[in-house]
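Observations on the model geometry
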Amino acid sequence: MPRTVYRRPGERVFCFLLVVFSVYLFWQAYGISGFSELSSPGAFPLATSATMLLAACVVFVNTLKLPEAEGVRFFYHCFPPIVGIVMALILIFAIMLESLGFILSSFFFLFVGIQFLYQKSVLTTLSITVLSLVVVYIIFRLVFQVVLPEGIVPEREILAAIEQFWRG
Amino acid sequence: MKKRFLTTVAGIALMSGAAFADYPTKDIQGIIQWGAGGSTDTVMRSISPHVEEELGSDIILTNKTGGVGAIALKYVNAKKADGYTLLMGAENPQMYKVLGLSDTDYNDMVAINILARGTPIFVAQKDAPYNNMQELIDYAKANPGKVKFGSTGKGGLTSIVMAMLESQVDLDYTSIPYNGDGPALTALQGGAIDVMPSVLGATVEHLKAGRMKALGVVDVEKSKLLPGVAPITDTLPGMKSYLPWGPFFGVFVKKGTPEEAVEKLQAAFHKAAFSPDFIDLMEKRGFTILNVSGEEADMFLSGYRSTSSWLVHEAGFSKRSPEEFNIPKP
Amino acid sequence: MDAFSYFAISWLSPELLGLTALGTFLGIYVGAIPGLSVTMAVSILISFTFSWDVNYALCLMVGVFMGGVYGGSRTAILLNIPGAPSAIATALDGYPLAKKGLAGEAIGLSTIMSVVGGFVGIFVLSIAAPSISEFALTFQPRDYMMLGVLGIMLVGSLSGGSLAKGIFAGAFGLLIGTVGLDPMTAEERFTFGIVELWDGINPVAVMIGLFGISEALHQLHHMNKAVVKQKITRIIPKWMDVKKYLPLSLQSSFIGVIVGALPGTGGDIAALMAYDHAKRITKKPEVEFGKGAKEGLIAPEAANNAAVGGAYIPMLTLGIPGDAVTAVFIGALFIHGLNPGPLLMVEQPHMFWFTVGNLTLANIFVLIFGLTGIKLFSKIVECPKGILIPLIFLLSVVGAYAINNSVIDIWWMLAFGVFGYFMRQYGFPVGPVILGVILSSLTDENWRRAILSERGSLVDLFSNLLTSPLSVVLLFTIIFILFSQSPIWTRWIKPKLLRSKAN
């Protein structure tokens, strides 16, 4: 974790956003039951959001006092493109998970992800992808019976058919 | 080998079509409304192996909690109506409409089986200065605000039983809410609360060991498990109009599920509920086996919904009136 | 004599012995994979072992329990993803050790100390179960509330550099914990009318996001840097080390047993409290806490395994579950026709010593399986980042989904992953957030119960608080810690005291 002696680019904005966020939560907490009894459902959220707001303000003021770090750029040191690309990739994966189903969406995610980050031949990537998928599928779906989103693949039919096939 | 493979592939293609005559052709998913270790979970996990035997197919049990069970209900109703997704739940959905939690309840689904019903019971700390319902009422009246009743939140069993009680007598008490009756009964033994309406099954072992005492069974007759405890109607005959009433466990499928699948499931659950170890388990836990489906189940569900919805509405903590949903007055 | 023969049941039968071993082995993996919980595994085993004899079923399940609690430390040390909430504290110092190439040593040490903790838990269970369970019952809502406050004060030791940032993170965590339908009044809190939010935000999703995802995203900065080569020469820790840390692990174990035995708290809180304890009593750590201090690894590991024995205390004596897993065990006993309750020890006298014997056996298997295969595990860290990082993401997504079979948990995990990434960038500690999530409902609910019991009167609350010995002890502990950590004490009073002593 980078220790802040200098103010990193974006830090001011981040801390300011936290202040805004805390104000919003405080307002939401107030909406639960207002300043009524100590035992009301809103009492605890109100206390915690007030603490958040106070702490966020202190942090923000402290940040303003810090000298700016030199030679540190936001899009290079704090949020390099690679992080953004991978975040987008996971986002697409999560969106496709339910409609495409676990098997297809994670296949694409792993394949693209490993190809992008590991940068070896397509065949290597493909075999790593398939191998890891098989292991994950066996552990979660078959051993621990977590029914992963099936999407467009008729998984249960295939499993039943395979069982039939073995039984002959 | 090749030929068999081809028939297998053909089989998959066919199965996606509507060949319900040989239902079930694949695993069935059972969605349990409550978490692992709860009473709904225990009941469903103990009957499922018997049903699997009857159907010749696996039932994959999945706990899907949240929203007082509404999330599981929503999930099952979002799936295809093909009989491969079962909802395994407790009584809660019958209150969803008046509590404003959902516009769907069990009456909008097909009941496969209502397995069993629990009996509510009033229990108290073992050294409390009252031994039955009458003494409790007298004590609470003499000491307004002093008796601490455990509760499990609005719409929960305790709130409905308390609404029944308060429709008969005026009581001034302090209500301390807990997250389920397990923690509340623990608090009762530690002295944090004095009295608690709970279910027989959850209390019977503690009662036998003398760690708490029973004040009255919320039913019209005595329970076989506790022959020494009087039914509440002895003290408050007016309660008869609500009773017998109690939480229940049932298995449901989405409306529109093919007839063949529903019938096969009903037959399988009906037979499974007769297996001796299931009966034994239910009796020991103080549940009354119902094992009903079809019209009988629908009548039970409607009756439960009418009683509870109107009680809650009249006690003043419903979000919407039962009239909006054409729920008849009991 | 009877006790001994019951104790030995699972030791003497080869089948039972084998099942315990199998269970422990499986448990370690269940525990290590985030999203797969011991609770879940044990309930699947209920269906799986339905037609078995009860002893066979129990051996398998006890093994999974014991192995699972230990297994959580694996991924915490290797990948900074705690396998379960009880391994959160383990990640704080375990992962820095792995980054230094000491993963093997860290796993070895955590194994030994887990086993020590496990034995302490079992020992206390076997000699003092009835009196401890009676003691646990005397905890009133106000006492639970104070335990919560005591826990929240750990923010101080988890904050690292900036206390204000730590307090922000802790308060944010507490707030996340309140999301959903209020369990006491069914009032909606921060739900924005979304049904999926009624059950709140799952702590495991928050945990995987803040620890796993944000760390993996952070790792992307250093794609070109070579992976740290792991030194795997030393796996079994030096006897000197074990001896040196034994007092700490024993103290942590006692914290673990008691917190585990309380029906409202479990191994996660125990581990965090032990971590804090370690930080407070270690005057001069060789390495700073949070940067790979061995004390910070030992304390939570000893405590969470000791909590297993603790959780069994109220379950076996009173039929009250000590945590989520023992609740499932109670269900299992019912299904197998036993009546878990206060009469269990009378009606089924073999049950108690059989369980004690079986737990002991499982603990020995933890030692065996824990110390073998470390070399292979350490290799995970050496796996090229280009492969490891996508796999961590996949595993996190599947793990988040597995918590409650719902996609919404994946969204939360990702949201907290991204938020956690920026928190790290700007020097905010993520530990306090998850601490807050864990302690939120404990503190909130019991605070309100306490005040409701006194019909809203603060005066009555305090007068009752000062007349109960237990409450007084807890209150003074809080005050003591508050003052001994605050700047007023460390800057002004302590130096003066020391000076007056010197004079």
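Basis of the calculations
Residues numbered from 1 in each chain as written. Chains lettered and ligands numbered in written order. Predicted model: local features only at pLDDT ≥ 70, side-chain atom pairs only at ≥ 80, totals over all residues. Heavy atoms only, no water. Contact = heavy atoms within 4.5 Å. Buried area = accessible area lost by both parts, 1.4 Å probe. Salt bridge = Lys/Arg side-chain N within 4 Å of Asp/Glu carboxyl O. Polar contact = N/O pair within 3.5 Å; in protein donor to acceptor, adjacent residues only side chain to side chain. Helix = DSSP H or I, 4+ residues; strand = E, 2+ residues; numbered from the N terminus. Core = buried A, V, L, I, M, F, W, Y, C linked by side-chain atoms within 4.5 Å. Buried < 20%, exposed > 50% of the residue type's maximum accessible area, 1.4 Å probe, protein only. Pairing = 2+ DSSP bridges. Axes fitted to C-alpha atoms, helices over the stretch in contact; angles between N-to-C directions. Parallel < 35°, antiparallel > 145°, perpendicular 65-115°, else oblique. Patch = residues over 30% accessible without salt bridge, like charges linked within 9 Å, V, L, I, M, F, W, Y side chains within 5 Å. Areas by Shrake-Rupley, 256 points an atom, 1.4 Å probe, with all protein chains shown as cover. Domains from an automatic or database assignment. Nonpolar A, V, L, I, M, F, W, Y, C, P; charged D, E, K, R; others polar.

**Regarding the interface of chain C and chain A**
In this assembly, 64 residues from chain C lie in contact with 67 residues from chain A. Interface area for chain C against chain A, summed over the two sides, is near 5,700 Å², with a carbon-plus-sulfur share of 83%. Its largest share of buried area at the contact with chain A, chain C owes to C:Phe168, C:Leu394 and C:Tyr426, together 12% of the area lost on that side. Counting every contact that joins chain C to chain A gives one salt bridge. Applying the counting criterion to the chain C and chain A interface returns seven residue pairs in polar contact (both at pLDDT 80 or more). In terms of residue count, the dominant contributor to the side of chain C that touches chain A is helix α19 (residues 385–404) of chain C (13 residues).

**Remarks on the nonpolar core**
C:Tyr312, C:Phe329 and C:Ile410 are the most contacted members of the largest nonpolar core, which has 243 residues in total. Those residues in contact with C:Phe329 that sit more than four places away from it in its chain are C:Val42, C:Leu58, C:Met61, C:Val62, C:Phe65, C:Tyr312 and C:Met315. Of all hydrophobic cores here, the second largest spans 58 residues; its members include B:Tyr106, B:Tyr173, B:Phe248 and B:Tyr304.

**Re the environment of B:Lys264**
Residue and element names in this part refer to chain B. Mapped onto the secondary structure, lysine 264 falls in helix α9 (residues 259–272). Given a relative accessible area of 32%, lysine 264 falls into the partly exposed group. The sequence separation of lysine 264 and proline 24 amounts to 240 residues, and the corresponding C-alpha distance is 8.7 Å.

**What to know about the sheet that holds strand β1 (residues 28–32) of chain B**
Residue and element names in this part refer to chain B. Strand order in the open sheet made by the six strands is β2-β1-β3-β10-β4-β11, with mixed pairing throughout. Both outer strands of the open sheet, β2 (59–63) and β11 (287–292), are each paired with one neighbouring strand and no more. Taken pair by pair, the neighbouring strands of this sheet meet at an average axis angle of 20 degrees, ignoring direction. As paired strands, β1 and β2 are joined by five bridges and run parallel to one another. For glycine 30, the partnering residue across the bridge sits in β2 and is leucine 61.

**With respect to the packing of helix α6 (residues 88–99) of chain C against helix α13 (residues 267–281) of chain C**
Residue and element names in this part refer to chain C. Running from amino to carboxyl end, α6 crosses α13 at an angle of 45 degrees, the nearest separation of the two axes being 7 Å. One element, α6, and the other, α13, form an angle in the oblique class. Residues Ala89, Leu92 and Asp93 of α6 form the contact with α13, whose participating residues are Ala271, Leu272 and Tyr275.

**Details of a nonpolar patch on the surface**
A contiguous nonpolar surface patch, about 580 Å² in accessible area, is contributed by A:Leu123, A:Leu126, A:Val130, A:Val134, A:Ile138, A:Leu142 and A:Val143. Relative to the assigned elements, A:Leu142 resides in helix α6 (residues 122–143).

**So, the environment of B:Leu136**
All names here are of chain B. One can find leucine 136 in helix α5 (residues 133–142). It is 35 Å that separates the C-alpha atoms of leucine 136 and glutamine 33, two residues lying 103 residues apart in sequence. Filtering out sequence-adjacent residues up to four positions away, leucine 136 remains in contact with Tyr130, Val147, Phe149, Val195 and Leu215.

**Details of the domain arrangement of chain C**
Residue and element names in this part refer to chain C. Domain assignment breaks chain C into domain 1 (2–467) and domain 2 (468–503). Computed from C-alpha atoms alone, the centre-to-centre distance between domain 1 and domain 2 is 30 Å. With 16 residues of domain 1 in contact, the opposing surface of domain 2 contributes 12 residues. For the pair domain 1 and domain 2, the summed buried area comes to about 1,300 Å², and 73% of that belongs to carbon and sulfur atoms. Looking at the side of domain 1 facing domain 2, the largest losses of area belong to Met146, Met153 and Arg280, adding up to 40% of the total buried there. At the boundary of domain 1 with domain 2, the tally comes to zero salt bridges. Applying the counting criterion to the domain 1 and domain 2 interface returns three residue pairs in polar contact (both at pLDDT 80 or more).

**A look at the domain arrangement of chain B**
Accessible area lost upon the coming together of the parts is a frequently used measure of interface size. All names here are of chain B. Each assigned domain of chain B is listed here: domain 1 (26–117 + 246–325) and domain 2 (120–241). Centre-to-centre separation of domain 1 and domain 2, based on C-alpha positions: 26 Å. At the junction of the two partners, domain 1 supplies 14 residues and domain 2 supplies 14 residues. Contact between domain 1 and domain 2 buries roughly 1,100 Å² in total, counting both sides, with carbon and sulfur atoms accounting for 74%. The three residues of domain 1 that bury the most area against domain 2 are Pro247, Leu311 and Phe317, which together make up 39% of that side's buried surface. At the junction of domain 1 and domain 2, the tally comes to zero salt bridges. Sorting the residues of the side of domain 1 that touches domain 2 by element identifies α10 (276–284) and α11 (294–315) as the ones contributing at least two each.

**Things to note about the interface of chain B and chain C**
Of the residues lining the interface, 45 residues belong to chain B; the matching set on chain C comes to 41 residues. Buried surface at the junction of chain B and chain C, both sides included, amounts to about 3,800 Å², of which 58% is carbon and sulfur. Linking chain B to chain C there are two salt bridges. With its nearest N and O atoms 3.5 Å apart, the salt bridge here joins C:Arg455 to B:Asp172. For the pair chain B and chain C, the number of links is 10 residue pairs in polar contact (both at pLDDT 80 or more). Of all the elements in the fold, those that place two or more residues in the side of chain B that touches chain C are α2 (39–55), β2, α3 (70–78), β7 (174–177), α7 (181–190), α8 (200–208) and α10 of chain B. In terms of residue class, the side of chain B that touches chain C is made up of 14 nonpolar, 19 polar and 12 charged.

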